[in-house]
Amino acid sequence: MKKILTLIFINIIFALLQTAFFPTLFGKQALINWVLALGFAWLLVDAPVTALKSVFVGGVILDVLLGTRLGLSSLIMTAGVYLLILVRNYLFRGVIPHLVVGTIVAYIYSLVILAKGSPVDLLLLVLAFVSALISYLASLVFKQILASRS
């Protein structure tokens, strides 16, 4: 229960940063998906269940904050994390497939939920890659925290 409450609290903070703080600070073009990056980071530290829980809870929070259909963000992000789990288990392991699939999922999320840009938008693609790269950097921090606890 403590872990779920911690995930909810962290996802509320990241969702507020994603929807309110960063667009105000950097403009409406700041479309980095911090909630999805957090979920992908859990995958790199071999915590797939935590990753699925994190993006599901974060997706519901994002839907409430953005005013979109409840559950649509959760569906897209949870399906994306599950796809990445399948890719990591059955096809490729490592950072490169993580970044490729993470970029694709973040790009699809931006197109479907935020309805920004055309289907071929270079800025959205770059920001989706930045979201995947942030997940890799966050996983390095998670690994350090987990290593210091044991």
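Residues numbered from 1 in each chain as written. Predicted model: local features only at pLDDT ≥ 70, side-chain atom pairs only at ≥ 80, totals over all residues. Heavy atoms only, no water.

- Under an unreviewed UniProt entry, the name given to the protein chain is Rod shape-determining protein MreD, and the organism recorded is candidate division WWE3 bacterium.

1. What to know about the UniProt feature "transmembrane region" (unreviewed entry) in the protein chain
Logical step 1: UniProt's entry tags residues 7–26, 32–52, 64–85, 91–115 and 122–142 with the feature "transmembrane region" (unreviewed entry), counted in the numbering of this structure.
Logical step 2: In residues 64–85, the share of helix is 77% and the share of strand is 0%. The end C-alpha atoms are 26 Å apart.
Logical step 3: The span residues 122–142 is 100% helix and 0% strand, and its two end C-alpha atoms sit 30 Å from each other. (UniProt positions renumbered as here; feature names shortened; annotations may be inferred. Helix = DSSP H or I, 4+ residues; strand = E, 2+ residues; numbered from the N terminus.)

2. Regarding the pattern of salt bridges
Logical step 1: Summed over the entire model, instances satisfying the criterion amount to two salt bridges.
Logical step 2: Across the pair Asp46 and Arg88 runs a salt bridge whose closest N-O atoms are separated by 3.7 Å. Placement of the pair is Asp46 in the loop between helix H2 (34–44) and helix H3 (48–66) and Arg88 in helix H4 (residues 72–91), with a sequence separation of 42 residues.
Logical step 3: Residue class for Arg88 comes out buried when judged on its relative accessible area of 9%.
Logical step 4: Among the ionic pairs, Asp46 bridges to Arg93, the shortest N-O distance being 3.5 Å. Here the residue Asp46 occupies a position in the loop between H2 and H3, and Arg93 occupies one in the loop between H4 and helix H5 (95–112), the gap between them amounting to 47 residues.
Logical step 5: Among the charged side chains, a network of salt bridges with common partners joins Asp46, Arg88 and Arg93. (Salt bridge = Lys/Arg side-chain N within 4 Å of Asp/Glu carboxyl O. Buried < 20%, exposed > 50% of the residue type's maximum accessible area, 1.4 Å probe, protein only.)

3. Considerations on helix H1 (residues 2–26)
Logical step 1: Across its 25 residues, H1 extends 34 Å between first and last C-alpha, which sits within 8% of the 36 Å expected from 1.5 Å per residue.
Logical step 2: Those residues of H1 that sit buried are Leu7, Asn11, Ala15, Gln18, Phe22 and Pro23.
Logical step 3: The elements touched by buried residues of H1 are H2, H3 and H5. (Expected span 1.5 Å × (residues − 1). Contact = heavy atoms within 4.5 Å.)

4. Brief notes about the packing of H5 against helix H6 (residues 122–149)
How two helices pack is summed up by the angle between their axes together with the distance between the axes.
Logical step 1: Taken N-terminus to C-terminus, the directions of H5 and H6 make an angle of 130 degrees; their axes are 8 Å apart at the nearest point. As far as their axial angle goes, H6 and H5 are oblique. Judged by the sense of rotation from one axis to the other, the crossing of H5 with H6 is right-handed. Contacts between H5 and H6 involve Val95, His98, Leu99, Gly102, Thr103, Ala106, Tyr107, Ser110 and Leu111 from the former and Leu124, Leu125, Ala128, Phe129, Ser131, Ala132, Leu133, Ser135 and Tyr136 from the latter.
Logical step 2: Considering only residue class, the contact of H5 with H6 consists of 12 nonpolar, six polar and no charged. (Axes fitted to C-alpha atoms, helices over the stretch in contact; angles between N-to-C directions. Parallel < 35°, antiparallel > 145°, perpendicular 65-115°, else oblique. Left-handed = near helix turned anticlockwise from the far one by under 90°. Nonpolar A, V, L, I, M, F, W, Y, C, P; charged D, E, K, R; others polar.)

5. Brief notes about the packing of aromatic side chains
Logical step 1: Across all of its chains, the model carries two aromatic pairs by this definition.
Logical step 2: Judged by centre distance (6.4 Å) and plane angle (25 degrees), the ring pair of Phe14 and Trp34 falls under stacked. Placement of Phe14 in helix H1 and of Trp34 in helix H2 is noted, with a sequence separation of 20 residues between them. (Phe/Tyr/Trp six-rings, centres within 6.5 Å; stacked < 30°, edge-to-face > 60°.)

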